[in-house]
Amino acid sequence: MTHDLILVAINLTRRCNLACAHCYLDASTLRDCGDNELTTDEVCQLLHDIVACGESTMVVLTGGEPLVRRDLEEIISYGTRLGLVMVVGTNGMMLTERRVASLKRAGLLGAGISVDSLDADKHDKFRGQSGAWKKTMAGIEQCRRQQLSFQLHFSVTDNNADEIPAVIDFASSSGARILNFFFLVCTGRGSAFADITAARYEHVLGEIIQAQKNHPELIIRPRCAPHFKRIAFQQNPESPLNRISGNEGDGCIAGTHYCRITPEGGITACPYIEDEVGNIRQQSFAEIWNNSEYFRRLRQPNLKGACGSCEFRKLCGGCRARPVAAGNDLMDADPWCTYVPTGNALIEPLADMAALDIHWSSQAENRLAKVPSFLQKMIRKRAEAYVAELGEREVTTDHLKILSARRFGSNMPGRPDV
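This structure is a prediction, so every number in the text was calculated from the model and none was measured. Within each chain, residue numbers correspond to sequence positions counted from 1 in written order. This being a predicted model, a pLDDT of at least 70 is required before a residue's local features are given, and a value of 80 or more before pairs of side-chain atoms are given or counted; all residues contribute to the totals for chains, interfaces and linings. Working from all heavy atoms in the structure, the side-chain values ignore hydrogens and water.

## So, the overall build of the protein chain
Here comes step 1: By definition, any uninterrupted DSSP run of H or I lasting at least four residues is a helix, any uninterrupted run of E lasting at least two residues is a strand, and each is numbered from the N terminus. Each helix and strand counted, the protein chain has 15 helices and 14 strands in total.
Here comes step 2: Residues classed as buried in the protein chain amount to 56% of the 418 residues present.
Here comes step 3: Pairs of residues are marked as contacts when any of their non-hydrogen atoms sit within 4.5 Å. For the protein chain, restricting intrachain contacts to residue pairs at least 6 apart in sequence, the fraction spanning at least 24 positions comes to 71%.
Here comes step 4: About 17,800 Å² of surface is accessible on the protein chain, with carbon and sulfur atoms providing 49% of the total. Burial here depends on accessible area, computed with a 1.4 Å probe over protein chains only, as a share of the maximum for the residue type. Under 20% is buried, over 50% is exposed, and the range in between is partly exposed. Computed by Shrake-Rupley with a 1.4 Å probe, the accessible areas treat only the displayed protein chains as cover when residues are assessed.

## Focus: the state of the cysteines
Here comes step 1: Disulfide: a pair of cysteine sulfur atoms within 2.5 Å of each other. Taken as a whole, this structure holds zero disulfides when the rule is applied.
Here comes step 2: Free cysteine: Cys307, not disulfide-bonded; nearest cysteine sulfur from Cys337 at 6.3 Å.
Here comes step 3: A relative accessible area of 11% places Cys307 in the buried class.

## Section: the nonpolar core
Here comes step 1: Here the nonpolar core consists of buried residues drawn from Ala, Val, Leu, Ile, Met, Phe, Trp, Tyr and Cys, with membership extended through side-chain atoms lying within 4.5 Å. One finds Ile10, Leu61, Leu152, Phe181, Phe183 and Phe285 to be the most contacted residues of the largest nonpolar core, which totals 85 residues.
Here comes step 2: When residues of this core are assigned to their parent elements, the largest contribution, six residues, is made by helix H7 (residues 198-214).
Here comes step 3: Counting 15 residues, the second-largest nonpolar core is a separate cluster that includes Leu350, Trp360, Val371 and Val395.

## Here we look at the environment of Leu303
Here comes step 1: Looking at the secondary structure, you find Leu303 in the loop between helix H10 (293-299) and helix H11 (305-309).
Here comes step 2: The buried category is assigned to Leu303, whose relative accessible area is 17%.
Here comes step 3: It is 9.9 Å that separates the C-alpha atoms of Leu303 and Asp334, two residues lying 31 residues apart in sequence.
Here comes step 4: Beyond its immediate chain neighbours, meaning those up to four positions away, Leu303 contacts Gly308, Arg313, Gly317, Arg320 and Met331.

## Details of unusual backbone geometry
One can expect most non-glycine residues to show negative phi and most peptide bonds to be in trans.
Here comes step 1: With an omega dihedral of 15 degrees, the bond running from Gly63 to Gly64 counts as a cis peptide bond.
Here comes step 2: On the secondary structure map, Gly64 appears in the loop between strand E4 (58-62) and helix H2 (72-81).
Here comes step 3: The residue Gln147 is not glycine, and still its phi comes out positive at about 55 degrees.
Here comes step 4: Taking the relative accessible area as the measure of exposure, Gln147 reaches 63% and is therefore exposed.
Here comes step 5: With a phi angle near 55 degrees, Cys224 is a residue other than glycine that sits in the positive phi range.
Here comes step 6: Along the chain, Cys224 falls in the loop between strand E9 (219-223) and helix H8 (227-235).

## A word on the pairing of strand E8 (residues 178-183)
Here comes step 1: Counted residue by residue, E8 has five buried out of six residues, so it is predominantly covered.
Here comes step 2: Handedness of the crossover joining strand E7 (residues 149-156) and E8 through helix H6 (residues 164-174): right-handed.
Here comes step 3: Any two strands are treated as partners once DSSP identifies two or more bridges connecting them. Inspection of the sheet shows E8 paired to E9 by five bridges, in the parallel sense. Its bridge partner lying in E9, Asn180 is registered against Arg221. Orient the strands so they point away from the viewer, and a crossover whose first-strand-to-second-strand path over the helix runs clockwise is right-handed.

## Concerning the packing of aromatic side chains
Here comes step 1: Classification of ring pairs uses Phe, Tyr and Trp, with its six-membered ring standing for Trp, and accepts pairs whose centres are within 6.5 Å; under 30 degrees between planes counts as stacked, over 60 as edge-to-face, and the remaining range as tilted. Following the criterion strictly, the structure yields six aromatic pairs and no others.
Here comes step 2: Ring geometry for Phe183 against Tyr201: centres 5.0 Å apart, planes inclined by 70 degrees, an arrangement best described as edge-to-face. Taken together, the positions of Phe183 in strand E8 and Tyr201 in helix H7 put the pair 18 residues apart, joining distant regions of the chain. Tyr201 shares its class with Phe183; the two are buried.
Here comes step 3: A ring pair is formed by Trp289 and Phe295, whose centres lie 5.5 Å apart and whose planes are at 65 degrees; its orientation type is edge-to-face. Neither residue differs from the other here; Trp289 and Phe295 are each classed as buried.
Here comes step 4: Note that Arg299 overlies the ring of Trp289, its terminal NZ or CZ placed 4.5 Å from the centroid.
Here comes step 5: Two limits define a charge over a ring: the Lys NZ or Arg CZ must be within 6 Å of the ring centre, and within 35 degrees of the ring normal. Above the ring of Trp360, the side-chain terminus of Arg380 is found at 4.6 Å from the ring centroid.

## Re the environment of Pro165
Here comes step 1: In this fold, Pro165 is placed in helix H6.
Here comes step 2: Look at Pro165 and you get partly exposed, because its relative accessible area is 43%.
Here comes step 3: C-alpha separation for the pair Pro165 and Glu207, spaced 42 residues apart in sequence, amounts to 8.9 Å.

## Notes on the sheet that holds strand E6 (residues 110-114)
Here comes step 1: With mixed pairing, the 10 strands of this open sheet are ordered in space as E9-E8-E7-E6-E5-E4-E1-E10-E11-E12. If you trace the sheet from one side to the other, it starts and ends with E9 and strand E12 (278-279), each paired once.
Here comes step 2: Taken together, the two bridges between strand E10 (residues 258-261) and strand E11 (residues 266-268) define a ladder with antiparallel strand orientation. Bridge pairing in E11 links Ile261 to Ile267.

## Section: helix H3 (residues 97-106)
Here comes step 1: Along H3, the residues that are buried comprise Arg99, Val100, Ser102, Leu103 and Ala106. End-on, the buried residues of H3 take up no more than an arc of 160 degrees, which puts them together on one face. Residues of H3 that are exposed and angled more than 90 degrees away from the buried face: Glu97, Arg98 and Arg105.
Here comes step 2: Where the residues of H3 are buried, they touch H2 and helix H5 (132-145).
Here comes step 3: Two residues or fewer past H3, Gly107 is found with a positive phi of approximately 110 degrees. Relevant arc is that of directions from the helix axis to the C-beta atoms, nothing else.

## So, the confidence of the model for the protein chain
Here comes step 1: On a scale of 0 to 100, pLDDT captures the predictor's confidence in every residue. Looking at the protein chain, the pLDDT average stands at 87 and 87% of residues meet or exceed 70.
Here comes step 2: Note on residues 189-193: pLDDT under 50 across the span, and 16 contacts to partners over four residues away in sequence or across chains.
Here comes step 3: Segment residues 408-418 is flagged for pLDDT under 50; beyond a separation of four residues in sequence, or across chains, it makes 35 contacts in the model.

## Examining H5
Here comes step 1: Multiplying 1.5 Å by the helix residue count minus one yields the expected span of that helix. Across its 14 residues, H5 extends 20 Å between first and last C-alpha, which sits within 8% of the 20 Å expected from 1.5 Å per residue.
Here comes step 2: Taken residue by residue, H5 has Ala132, Thr136, Met137, Gly139, Ile140, Gln142 and Cys143 as its buried positions.
Here comes step 3: Looking at the packing, one finds that the buried side of H5 touches H3, E6, helix H4 (120-127), E7 and H6.

Okay, here's the thing in structure tokens:
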């Protein structure tokens, strides 16, 4: 049995030009040569195997710092020729004018750039190097000038949570397509990192949901925070978008539609779950992805504790990495959730979209037909929920173009539409 593969993160290296306090990979310095990293040929073979599991899958090349790999452009070019959506996750410091141009020529679709404060000193302290903020800002400007689509990644901590409104304004004014707020899971070097409290976590998620309503020009998303599905539903239970399961792509998709590959070829459900389910140097990627018992548990979860009795468990399901990081079982309750289940009836995700009475124009149907088949169900559900939110009754190509631009940016020819 095959399982829809939407997103893959490949940690190309542990080498990095920074020493971030929160790094889940415990990335090494540039002095470490990374002898055991996947070779260029191994990465390209992996990309070939990924295509067999999901045509047009989005591949995030990250690290460490992926731009230290001299073969990065070769890898991007190979993946692009296969039809994969190739992006990088970077600290932005090496995004010089020449490098951005080179990455674009290779076929890079976009970059996710980490910015952890608008205060240069605070960012530099968090990232472990003086002058890091200035170089990252220069990298953002190069992406803007050369029209390389980019999004910003902001790791929320107790020390910077009050900056969220200012960061949203900055993301909007800088030309970012997406602003992702990451909520840390304390693993790797970040295992000793002081996080925000569970109560503030809850408050910040509500703040982010409200911010999206106020900034329709920008996609604002919490990451590694599946509770936002519950909070959004509590704010507006009539919203079709809020009734779509988080497993449909806007919640935790670890092991269901997403996995991570380590620099040495190990496969894990997500970057914050360190348990390897296999290694591409011993087994094919497809065999591991389709047959892993660990992934089966995530695809057919038998949740325990508060998560198991929660009426929101099909919308949210909690973060599976956090109980593991706390030394508990994969299916145990998420220790960061403050919600107390009420014993009310299970809230079923919106599955029967026919109840919305939404129709598709023939042009929109034709456009959807060009999308890889494994994505069509998800795209159809999101598009119909989006149109219902607008109070309309027909999905048009204009709606699909808007959703496409929101996810991928304007330079997205021949790629999935949302």
